[in-house]
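Each chain, written out:
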Amino acid sequence: MSILVTGGARSGKSSFAERWMMANAQQAIYVATSQAFDAEMKQRIARHKRQRDQAEFGWNTMEEPLKLPELLASLHAGSETPAVLVDCLTLWLTNVILAAEEQENMEQAIREAIDRLVEAVQAYPGPLVLVTNEVGDGIVPEYPLGRLFRDYAGILNQSVARVCEQVFLVTVGIPIELKSREYRL
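All of the points below concern the structure found in this document. A quick note: this is a predicted structure, and the numbers were derived from the prediction, not measured.

Focus: the pairing of strand β1 (residues 2-7)
Okay, so step 1: Where burial is concerned, most of β1 is hidden: six out of the six residues are buried.
Okay, so step 2: Of the two faces of β1, both are covered, the one formed by Ser2, Leu4 and Thr6 as well as the one formed by Ile3, Val5 and Gly7.
Okay, so step 3: Looking at chain direction, β1 and strand β5 (residues 128-133) are connected through six bridges and run parallel. Note that in β5 the partner of Ser2 across the bridge is Leu128.
Okay, so step 4: Taken together, the five bridges between β1 and strand β6 (residues 166-171) define a ladder with parallel strand orientation. Paired with Gly7 across the bridge in β6 is Val170.

In structure tokens, the structure reads:
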């Protein structure tokens, strides 16, 4: 079962994803994709780790800012496939874009990374919850790199949504399941 949880900043999507996992698994791996580039982010990461450690649930935190497809493949290579919550795909995409900036064909490298992630999500046999940000409802970014990020975040979210069994949009803390309501032509 793969689930995509999307919404705006501070919409409640991570809290919903965690509650879903706690209701549907005994324990899970929490894959954090953020990198601590400054003091504020270091404090944020530490606070989130403390909150997971205090929860009455078996969270095992792993940090993987860039090689998420490879991590997912390695997690189901053993005899037991763990439940996994990934938070979040848009931070992972930021890391991919920053790593691809120096490459000759940056956009091809980004697209290939997205394709590898989609394949890994599709192949993952256990419970998998992926958190992502909906960035397409905001203003058009002023800078080229911001516009590139916004465009590829949309591509990433659509691509992952296609292969997930369920997609939730969380707004003001209220999750709405979307995929079952999908209108198909």
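Some words on the side chain of Thr132
Okay, so step 1: With respect to the element layout, Thr132 can be found in strand β5.
Okay, so step 2: We classify Thr132 as buried; its relative accessible area is 0%.
Okay, so step 3: Only 2.6 Å separates the side chain of Thr132 from the side chain of Asn157, close enough to count as a polar contact.
Okay, so step 4: When sequence neighbours within four positions are dropped, the list of residues in contact with Thr132 reads Leu4, Val5, Thr6, Gly7, Lys13, Leu89, Thr90 and Asn157.

Quick word on the sheet that holds strand β2 (residues 27-32)
Two strands in a sheet stick together by hydrogen bonds in their backbones, pointing the same way (parallel) or opposite ways (antiparallel).
Okay, so step 1: The sheet built from seven strands is open, its strands ordered β3-β2-β4-β5-β1-β6-β7 with mixed pairing. Edge positions in the open sheet fall to β3 (58-63) and β7 (174-177), since each of these has one partner strand only. Ignoring which end each strand starts from, the neighbouring axes of this sheet average 20 degrees apart.

Brief notes about the environment of Thr171
Okay, so step 1: Tracing the sequence through the fold places Thr171 in strand β6.
Okay, so step 2: Taking the C-alpha atoms as reference points, Thr171 and Lys13, separated by 158 residues in sequence, lie 7.9 Å from one another.

Digging into the packing of helix α3 (residues 68-75) against helix α5 (residues 106-123)
Okay, so step 1: Relative to each other, α3 and α5 sit at 20 degrees, their axes nearing to 8 Å. Taken as axis vectors, α3 and α5 run roughly parallel relative to one another. Like other packed secondary-structure pairs, α3 and α5 cross with a definite hand, here left-handed. Residues Leu68, Pro69, Glu70 and Leu72 of α3 touch α5, and the partners they reach there are Ala113, Arg116, Leu117, Ala120 and Val121.

With respect to the pairing of β5
Okay, so step 1: Among the six residues in β5, six count as buried, and that is most of the element.
Okay, so step 2: Side chains of β5 alternate between two faces, with Leu128, Leu130 and Thr132 and Val129, Val131 and Asn133 buried alike.
Okay, so step 3: Sheet topology note: the strand β4 (residues 84-87)/β5 ladder contains four bridges and is parallel. Across the sheet, residue Val86 finds its bridge partner in β5, namely Leu130.

Looking at the packing of aromatic side chains
Okay, so step 1: Under the defined criterion, the tally for this structure stands at three aromatic pairs.
Okay, so step 2: Measuring from centroid to centroid gives 4.8 Å for Phe16 and Phe168, while their planes differ by 55 degrees, and the two rings are tilted. Of this pair, Phe16 sits in helix α1 (residues 13-24) while Phe168 is found in strand β6, placing the two residues 152 residues apart along the sequence. Assigned by exposure class, Phe16 and Phe168 land together as buried.
Okay, so step 3: Cluster of aromatic residues (ring-pair linked, three or more members): Tyr30, Phe57 and Trp59.

The rules behind the values
Residues numbered from 1 in each chain as written. Predicted model: local features only at pLDDT ≥ 70, side-chain atom pairs only at ≥ 80, totals over all residues. Heavy atoms only, no water. Buried < 20%, exposed > 50% of the residue type's maximum accessible area, 1.4 Å probe, protein only. Helix = DSSP H or I, 4+ residues; strand = E, 2+ residues; numbered from the N terminus. Pairing = 2+ DSSP bridges. Polar contact = N/O pair within 3.5 Å; in protein donor to acceptor, adjacent residues only side chain to side chain. Contact = heavy atoms within 4.5 Å. Axes fitted to C-alpha atoms, helices over the stretch in contact; angles between N-to-C directions. Parallel < 35°, antiparallel > 145°, perpendicular 65-115°, else oblique. Left-handed = near helix turned anticlockwise from the far one by under 90°. Phe/Tyr/Trp six-rings, centres within 6.5 Å; stacked < 30°, edge-to-face > 60°.

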